[in-house]
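These are the residues of each chain, in order.
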Amino acid sequence: MTVIAENWLDTLVDEVRPHLAAGSVSTYLPELSRARADELAVAVDLGGGNILTAGNSKARFTVQSVVKVFTLLLALHHRGEDHVFARVGRDQGIGSYNSLETFIRGSGVPVNPFVNAGALVVVDMLPGDGPQHRVADLLDFVRLLTGNAAVTVNEAVARSELALSDRNRALGYFLRSHRLITGDVEELLWAYCQMCAIEVDVVDLAHAGRVLADGVDVHLGGRLLQAWHVRLVRRLMLFGGMYEASGRYATEVGIPAKCGVSGAMMGVVPRCAGVGIYGPALDESANSIGGLRLMRLLAGALEIE
Ligand code: GLU
């Protein structure tokens with residue numbers, strides 16, 4: 001790895017900041033629309049307590065679609081690979097992340113666990129009696145992954161999302177009509193909305209990314225994440241983590257990562273680092289402009305092949 005100067009990350013953030021003006025924050029939830037488009041923060045966790053930050057690293061934000069990485073890991077842990085991938089594909093996305101197209105074409109199951117249809121099927125697989133139990137189990141898992149026991153759900157964002165869930169509700173009932181969801185759709189939606197509304201900062205995401213960076217089994221509380229499952233999830237992140245721009249991201253950047261409409265982004269640099277980014281100015285594919293540019297610069301600095 002290259003030698004890292006102390007102000008290394010600050011330099012990258014300064015280089016990226018002028019580009020934020022080209023984007024706009026998500027407006028589909030009132031809470032997200034209040035984000036500042038000029039906000040940009042990054043944390044890089046190199047392991048062993050060595051964490052670098054730049055920008056407003058204290059800013060808190062909801063994970064949104066980044067949670068799909070955590071729900072998939074938990075589903076693989078509880079249900080195993082065969083069960084999970086009988087119900088959700090491992091293909092590149094088609095159409096937009098919340099469209100029906102993501103499973104009515106092709107194999108008859110949602111294309112991957114990172115489009116909303118796939119994520120709803122994955123959340124439906126998680127064990128537990130009712131939404132509160134499922135959310136509590138996931139929250140416990142996320143607290144261990146982030147190393148932050150104070151991580152919790154932003155209730156206002158969760159309720160707002162539930163009130164504006166027409167598209168996800170439609171997906172949920174459509175999936176149930178195809179028997180890909182077995183439980184109560186309204187309960188599933190409430191669990192999913194709360195999971196998307198888990199609030200973190202960039203250090204939390206960088207820590208979680210670092211935990212997923214090594215090619216070894218991960219023990220978290222009583223849970224065992226098999227090395228193979230973690231590697232599988234990293235590979236899915238690489239080709240499906242950036243909505244429709246995933247293929248381009250994989251070839252241009254090469255760091256497995258997942259973004260969310262809040263401007264959250266978590267990257268996993270295998271055997272090296274976890275990256276957490278918050279950059280709410282989004283491009284037309286709903287990807288964080290600052291996040292994509294920072295990841296590209298990080299890939300160069302960390303000499304990603
Ligand atoms: N909660 C959002 C939804 O399901 C997540 C969207 C995203 O971050 O991609 O619509």
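The rules we used
Residues numbered from 1 in each chain as written. Predicted model: local features only at pLDDT ≥ 70, side-chain atom pairs only at ≥ 80, totals over all residues. Heavy atoms only, no water. Phe/Tyr/Trp six-rings, centres within 6.5 Å; stacked < 30°, edge-to-face > 60°. Helix = DSSP H or I, 4+ residues; strand = E, 2+ residues; numbered from the N terminus. Buried < 20%, exposed > 50% of the residue type's maximum accessible area, 1.4 Å probe, protein only. Lys NZ or Arg CZ within 6 Å of the ring centre and 35° of its normal. UniProt positions renumbered as here; feature names shortened; annotations may be inferred. Contact = heavy atoms within 4.5 Å.

A. Representation of the packing of aromatic side chains in the model. Evaluation of the coordinates by the stated rule reveals one aromatic pair. Centroid distance Phe61 to Tyr278: 4.4 Å. Interplanar angle 0°. Geometry classified as stacked. Placement of the pair is Phe61 in strand β3 (residues 61-62) and Tyr278 in strand β10 (residues 273-278), with a sequence separation of 217 residues. Of the two residues, Phe61 and Tyr278, both sit in the buried class. Positioned over the ring face of Phe85 is Arg90, at 4.1 Å from the centre of the ring. The lysine or arginine in question, Lys258, covers the ring of Tyr243, its NZ or CZ lying 4.7 Å from the ring centre.

B. Representation of the UniProt feature "binding site: substrate" (unreviewed entry) in the protein within the structure. As annotated by UniProt and renumbered to match this structure, "binding site: substrate" (unreviewed entry) occupies Ser65, Asn116, Glu161, Asn168, Tyr192, Tyr243 and Val261. Mapped onto the fold, Ser65 is located in the loop between β3 and α3 (67-79). We classify Ser65 as buried; its relative accessible area is 6%. If near-sequence neighbours (up to four positions away) are discounted, Ser65 is found in contact with Asn116, Tyr243, Lys258, Cys259 and Gly260. Residue placement: Asn168 occurs in helix α9 (residues 166-177). Residue Asn168 is classed as buried on the basis of its relative accessible area of 6%.

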